[in-house]
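Here's the letter readout for the chains.
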Amino acid sequence: EDKVVQSPLSLVVHEGDTVTLNCSYEVTNFRSLLWYKQEKKAPTFLFMLTSSGIEKKSGRLSSILDKKELFSILNITATQTGDSAIYLCAVPNAGGTSYGKLTFGQGTILTVHP
Amino acid sequence: NAGVTQTPKFRVLKTGQSMTLLCAQDMNHEYMYWYRQDPGMGLRLIHYSVGEGTTAKGEVPDGYNVSRLKKQNFLLGLESAAPSQTSVYFCASSYSPSGSYNEQFFGPGTRLTVL
């Protein structure tokens, strides 16, 4: 059974701090790992990672994958109050056909204080 | 282009009552999914559909039924609601994957409370 574990489960920081969120996984037939940001409503897509060591970057957010050690990190630099959200990590399920089912981690609740 | 929409946004039920949650997407996506989100547990897949007229069980299907009579709609039914089904329900859709993962687009969620 595929498994995704995120840490920490919650994090409280002040504006300007840098945070690192962790995601470890155990999956059969790994294809990719995804990060989502969830504010008050629907999760929104951030990154999809498929190759080890290649950093994906979007503004102050960046993410990297380590397929040997089976984990990914999401970094947020110079945090702002608008970064407060739940950050979800997910991996597509294995299977003979790729139905695109996702296994999600528990999420990390990030709170950024002014 | 509304994306993925869900109705209702909120609902309170008594134990034993039934209801149907509606998900609609206007992106011509083949695949649709229903998840539930509970504190500390991330999103868990209830049922999914790989096309019109097809449905399959996900990780936590018990107590729920689904139907996909039209490509754009995916219905989630609770026949006899239980307090354990108090949760936030998200619908999602994606293009038909062909060997690689395609991003899922999520609806705004339905907050259901069962008393």
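Residues numbered from 1 in each chain as written. Chains lettered and ligands numbered in written order. Predicted model: local features only at pLDDT ≥ 70, side-chain atom pairs only at ≥ 80, totals over all residues. Heavy atoms only, no water.

Trainee: A description of the sheet that holds strand β1 (residues 4–7) of chain B should follow, citing residues and the corresponding values.
Mentor: All names here are of chain B. What the four strands build is an open sheet, ordered β1-β3-β8-β7; its pairing is antiparallel. In the strand order of this sheet, the two ends are held by β1 and β7 (64–67), each with one partner. Within this sheet the neighbouring strands show an average axis-to-axis angle of 20 degrees, counted without direction. In this structure, strand β3 (residues 19–25) lies alongside strand β8 (residues 73–78), joined through six bridges in antiparallel fashion. Bridge pairing in β8 links L21 to L76. (Pairing = 2+ DSSP bridges. Helix = DSSP H or I, 4+ residues; strand = E, 2+ residues; numbered from the N terminus. Axes fitted to C-alpha atoms, helices over the stretch in contact; angles between N-to-C directions.)

Trainee: I'd like a description of the sheet that holds strand β1 (residues 3–7) of chain A, backed by residues and values.
Mentor: Residue and element names in this part refer to chain A. Here we have five strands laid out as an open sheet, ordered β1-β3-β8-β7-β6, and antiparallel in their pairing. Each having just a single partner strand, β1 and β6 (56–58) make up the two edges of the open sheet. The average undirected angle you get between the axes of adjacent strands in this sheet is 15 degrees. Bridge analysis of β1 against strand β3 (residues 19–26) gives five bridges, and the strand direction is antiparallel. Across the sheet, residue V4 finds its bridge partner in β3, namely Y25.

Trainee: Quick rundown of the side chain of K71 of chain B? Include the residues and the values.
Mentor: Residues and elements named next belong to chain B. Within the secondary structure layout, K71 lies in the loop between β7 and β8. There is a polar contact of 2.9 Å between the side chain of K71 and the side chain of N28. At a separation of 3.1 Å, a polar atom in the side chain of K71 contacts the side chain of E30. Setting aside chain neighbours within four positions, we find K71 in contact with Q25, N28, H29, E30, M32 and E52. (Polar contact = N/O pair within 3.5 Å; in protein donor to acceptor, adjacent residues only side chain to side chain. Contact = heavy atoms within 4.5 Å.)

Trainee: Break down the state of the cysteines for me, citing the residues and quoting the values.
Mentor: Residues and elements named next belong to chain A. Tallied over the entire structure, the rule returns two disulfides over all chains. With its sulfur 1.9 Å from that of its partner, C23 forms a disulfide with C89. Here the disulfide of C23 and C89 is left-handed, its torsion about the S-S bond being about -65 degrees. Residue C23 is located in strand β3, and its partner C89 is located in strand β9 (residues 85–92); the two are separated by 66 residues in the primary sequence. (Disulfide = S-S within 2.5 Å.)

Trainee: So what about the layout of surface pockets? Which residues, and what values?
Mentor: Taken as a whole, the largest pocket encloses approximately 560 Å³ of empty space. As for the largest pocket, its lining consists of 26 residues, and the residues nearest its centre are Q38 of chain A together with Q37, V88, F90 and R111 of chain B. Elements represented by at least two residues in the lining of the largest pocket include exactly β9 (87–94) and β11 (110–114) of chain B. Grouping the amino acids of the lining of the largest pocket by side-chain chemistry returns nine nonpolar, eleven polar and six charged. Size it by volume and the second largest pocket reaches roughly 360 Å³. Lining the second largest pocket are 19 residues, and of these E1, D2, T103 and F104 of chain A together with E59 of chain B lie nearest its centre. Contributions of two or more residues to the lining of the second largest pocket are made by β1 and β10 (102–104) of chain A together with β5 (43–49) of chain B. (1 Å grid on protein atoms, 1.4 Å probe; cavity = no way out; pocket = protein on both sides within 12 Å on 5 of 7 lines; lining within 4 Å. Points joined across faces, edges and corners; volume = space filled by probe spheres on them. Nonpolar A, V, L, I, M, F, W, Y, C, P; charged D, E, K, R; others polar.)

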